[in-house]
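# Structure at a glance
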Amino acid sequence: MEIDGYTQLGARRNTVGASSDEPLNTVITIEIDGGLAGAANGLKLCGAATVRGLAIGGFPLAAILAGCDGSFNPPIRIQGNFIGTSADGITPRGNGRGILALPRSDGGAPTLADAELDIGGDVSIDRNLIAASTDAAVPAVQVIASSLSLAVRIRGNLIGTDRSGVRALGNAGPGIELRHPQRRCLIASTITDNVIAANGGDGVRILNGNLASVPPLCPPGLPQLNELLRNRIGRGADPVTSLPNAAAALRVIDIDAGAGQGIRYGDAFFNRDINLLHVADGATVVVEGAATRFPIEPNQYSGAALAVDLGADGASPNDPGDNDSGPNTLLNTPVVTSAGVDIVAGEVDIGYTLDTSTSSVRQLSIDVYAEDDSGTIRYVATRSPVTAASGTLSAPLS
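What comes next is a walk through the structure. Just so we're clear, the structure is a prediction, and the values are computed from it rather than from any experiment.

Definitions and cut-offs
- Residues numbered from 1 in each chain as written.
- Predicted model: local features only at pLDDT ≥ 70, side-chain atom pairs only at ≥ 80, totals over all residues.
- Heavy atoms only, no water.
- Salt bridge = Lys/Arg side-chain N within 4 Å of Asp/Glu carboxyl O.
- Helix = DSSP H or I, 4+ residues; strand = E, 2+ residues; numbered from the N terminus.
- Buried < 20%, exposed > 50% of the residue type's maximum accessible area, 1.4 Å probe, protein only.
- Pairing = 2+ DSSP bridges.
- Axes fitted to C-alpha atoms, helices over the stretch in contact; angles between N-to-C directions.
- Patch = residues over 30% accessible without salt bridge, like charges linked within 9 Å, V, L, I, M, F, W, Y side chains within 5 Å.
- Areas by Shrake-Rupley, 256 points an atom, 1.4 Å probe, with all protein chains shown as cover.

Another aspect to go through is the pattern of salt bridges. Enumeration over the complete set of coordinates arrives at 18 salt bridges. Salt-bridge contacts for Asp122 lead to Arg155; the nearest nitrogen and oxygen are separated by 3.1 Å. Separated by 33 residues along the polypeptide, Asp122 in the loop between β10 (117–120) and β11 (129–130) and Arg155 in strand β13 (residues 151–155) bring together distant segments of the chain. We classify Asp122 as exposed; its relative accessible area is 61%.

Have a look at this one:
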């Protein structure tokens, strides 16, 4: 089934890309108003469907429910819509939530090249606006996966702003929540190039759905590429405007991201794929519960009293030998022992110690960040792997 509002006379697809700070120039001429619908969803998609070019607002439940009565026949694509505003992309017409997706596998092998669930896209015409949801207890976009053979992409959307990308039109709850079937069985997913700002909870929340029907250990050969890249979380599309979400930029709960999961939440290569993570206070990234081996790769941080919080209880003090347990094993942080400038080489030479067990040290990297006068913390270098409990590393001066 295909519902395409862009076939309507006068409608026009957006041509502004996700890397631009210009407002969406979408023209939508079909508006679905749920103000008199009672306790209902706007659209309920039980089979393969594409929904484009609609403004959907005023429904007490979800604007779009993808999956119903145990049925989910992929692919489902939700692209180029205004969800939670009128057709102007400015006036709030909030739904209870934006999108609730309950994907199940069709039994085939999923690929991210042909996602089974696609919200937005990597081309300008597919970008959604998802704003003004009214139910603070639920995320604006929630994906609850109930089997392993799935591929989910959430790309290029404005979540929590109006069409400008710089004016707050926040959802009452978190921005995005992705529930994997089991803590060590992660579906293939990518969350890229979104603006996620001004929402009433975490920007992005990734957690374990703890489904008994899924084995606790993943069968070999399943696709497990997971990416969170190039998002502006707590920043506007420009990306200077401060639009912090009410809680963490990223929260990870009960996920075991062991070897082979293929997780990239940030980028150590030339800063090409970093996320811009901004909060008003508290911690930017929170890892809690039974979460372990979860890689926090280089990103750009601002506004935070604490960049990464292991345990959701504030800064964790270093302990002798690093024998404590908890999220990411409550890993001790490196201690800087010296710093000197090498003008000729254009580098800062940094001495450090890291008090942790030998077995842990072999698996670690140390990232170096620089904080500018505005309080923005930018990634500059990585030492990997760390093979000793003390040493030196070099970082460029600029």
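To continue, consider the sheet that holds strand β1 (residues 2–4). A sheet is described by the order of its strands in space; here eight strands give the open sequence β1-β4-β7-β10-β13-β16-β19-β22, paired in parallel fashion. On the outer flanks of this sheet lie β1 and β22 (263–264), each paired with one strand and no other. Sheet analysis places strand β16 (residues 188–192) next to strand β19 (residues 226–229), joined by four bridges and oriented parallel. By the bridge assignment, Ile191 is partnered in β19 with Leu228.

For a regular strand, side chains alternate in direction, first toward one face of the sheet and then toward the other. Of all five residues in strand β9 (residues 97–101), five are buried; the element is thus mostly enclosed. The sheet contact formed by strand β6 (residues 62–66) and β9 spans four bridges and is parallel. Paired with Leu65 across the strands is Leu100, a residue of β9. Relative to strand β12 (residues 141–144), β9 runs parallel, the two being bridged by three bridges. Note on β12: the bridge partner recorded for Ala101 is Val143.

On to the pairing of strand β7 (residues 76–79), then. Strand direction decides the pairing type here: strand β4 (residues 49–52) and β7, joined by four bridges, are parallel. In the strand pairing of β7, Ala49 is matched with Ile76. Examined bridge by bridge, β7 and β10 share three bridges and lie parallel to one another. Within β10, the residue paired with Ile76 across the bridge is Leu117.

Here we come to the sheet that holds strand β21 (residues 250–253). Read from one edge to the other, the open sheet built from nine strands follows the order β3-β6-β9-β12-β15-β18-β21-β24-β26, with strand pairing classed as parallel. The open sheet is flanked by β3 (43–45) and β26 (306–310), the only strands paired with a single partner. Mean inter-strand twist for the sheet, computed between neighbouring axes without regard to direction, equals 10°. Pairing of β21 with strand β24 (residues 283–288), which is carried by four bridges, proceeds in the parallel orientation. Each residue of the ladder has a partner; that of Leu250, found in β24, is Val285.

This brings us to a nonpolar patch on the surface. A grouping of Val341, Ile343 and Leu397 is seen on the molecular surface, where their side chains present a nonpolar patch of about 320 Å² in accessible area. Relative to the helices and strands, Val341 resides in strand β27 (residues 335–342). In this structure Val341 comes out as exposed when scored by relative accessible area, which is 56%.

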